Amino acid sequence: GVKKLFRGIDTDTSLRYYFGVLQATAPFINSAQIGAQNPTVGEFIGDARQDRRDNPLDPHKGYLLLGNFEVASPYLGGEADFQRVEIAASYHLALGDSDWLHLRLRHGVVATLGGTSQDLPFARRFFPGGANSVRGYQEGEAAPRDSNGNVIGAETYVSGTVELEQALTPKWSVVAFVDGVNFARNLNHYPGDQALFSAGGGLSWRTLIGPVRLEYGYNLNPRPKDPMGTIQFSVGYP
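Trainee: Help me understand the pairing of strand E1 (residues 2-6), please; the structure alone is not making it clear to me.
Mentor: The two faces of the sheet receive side chains in turn, since in a regular strand these alternate between them. Relative to strand E2 (residues 11-21), E1 is paired through five bridges, and the arrangement is antiparallel. Considered in E2, the bridge of Leu-5 is made with Asp-12. Between the antiparallel neighbours E1 and E2 lie four residues, among them Asp-10 with a positive phi of about 50 degrees.

Okay, here's the thing in structure tokens:
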């Protein structure tokens, strides 16, 4: 692939070719009969990232814009035929000398315009949830479930976060947040037909590699087989 930095607008871009086998192995999912199971994929992947935050590891001012697209086709050497787009933005605002507001928004869509729904690899569906998404759920579990309660992923989603941070010392902060996601199993229900919300709080410890976070998210509207809440321990800004 190739990569280019546009310094005048603080934007990184890249374009690369990928060939491989996509296999879904997470223990909590059931990929049976949901799209292609272990397809070989040939695709072009493009990225763009504009980062105007004061600190990429622990931001408190500025904004970040992200974009990613994937185009897979049998003409590119694989079996799958799909198109996938994901965009994201975050904004950080100081409310005073020691408190900040963090806003985040993310949206994804995957389609099979050149094929059928069975051409979509299961591993290219969307699986929100976890320490960097809806924090009342474990990684990938804030996604559509089938009639048996198995996580099967989404073809479209919109997620967002509102977070307040209050510094206690130069190294320690407390945070309070509300996370939400709206998703749909099938793209014809775009942009979503079911929403999940979590609210919670936690502690953040600033280190040289970013914040070390201990947080708890409580699920406001859990479904059957969803947890009431989840404790998240993670390193790095969400």
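Trainee: Looking at this structure, how should I read the pairing of strand E3 (residues 40-53)?
Mentor: Strand direction decides the pairing type here: E2 and E3, joined by 11 bridges, are antiparallel. Opposite Thr-13, over in E3, you have Ala-48 as the bridge partner. The pairing of E3 with strand E4 (residues 62-72) spans 11 bridges and is antiparallel. Counterpart to Arg-53 in the pairing with E4 is Gly-62.

Trainee: Whenever I open this one, the side chain of Asp-81 confuses me. Can you help?
Mentor: When you line up the elements, Asp-81 lands in the loop between E4 and strand E5 (82-94). Of the side chains with opposite charge, Arg-124 comes closest to the buried, unpaired Asp-81, at an N-O distance of 13 Å. Side chain to side chain, Asp-81 and Gln-83 meet in a polar contact 3.5 Å long.

Calculation rules
Residues numbered from 1 in each chain as written. Predicted model: local features only at pLDDT ≥ 70, side-chain atom pairs only at ≥ 80, totals over all residues. Heavy atoms only, no water. Pairing = 2+ DSSP bridges. Helix = DSSP H or I, 4+ residues; strand = E, 2+ residues; numbered from the N terminus. Buried < 20%, exposed > 50% of the residue type's maximum accessible area, 1.4 Å probe, protein only. Lys, Arg positive; Asp, Glu negative; His and termini not counted. Salt bridge = Lys/Arg side-chain N within 4 Å of Asp/Glu carboxyl O. Polar contact = N/O pair within 3.5 Å; in protein donor to acceptor, adjacent residues only side chain to side chain.

Any link to function would need more than the numbers given here.
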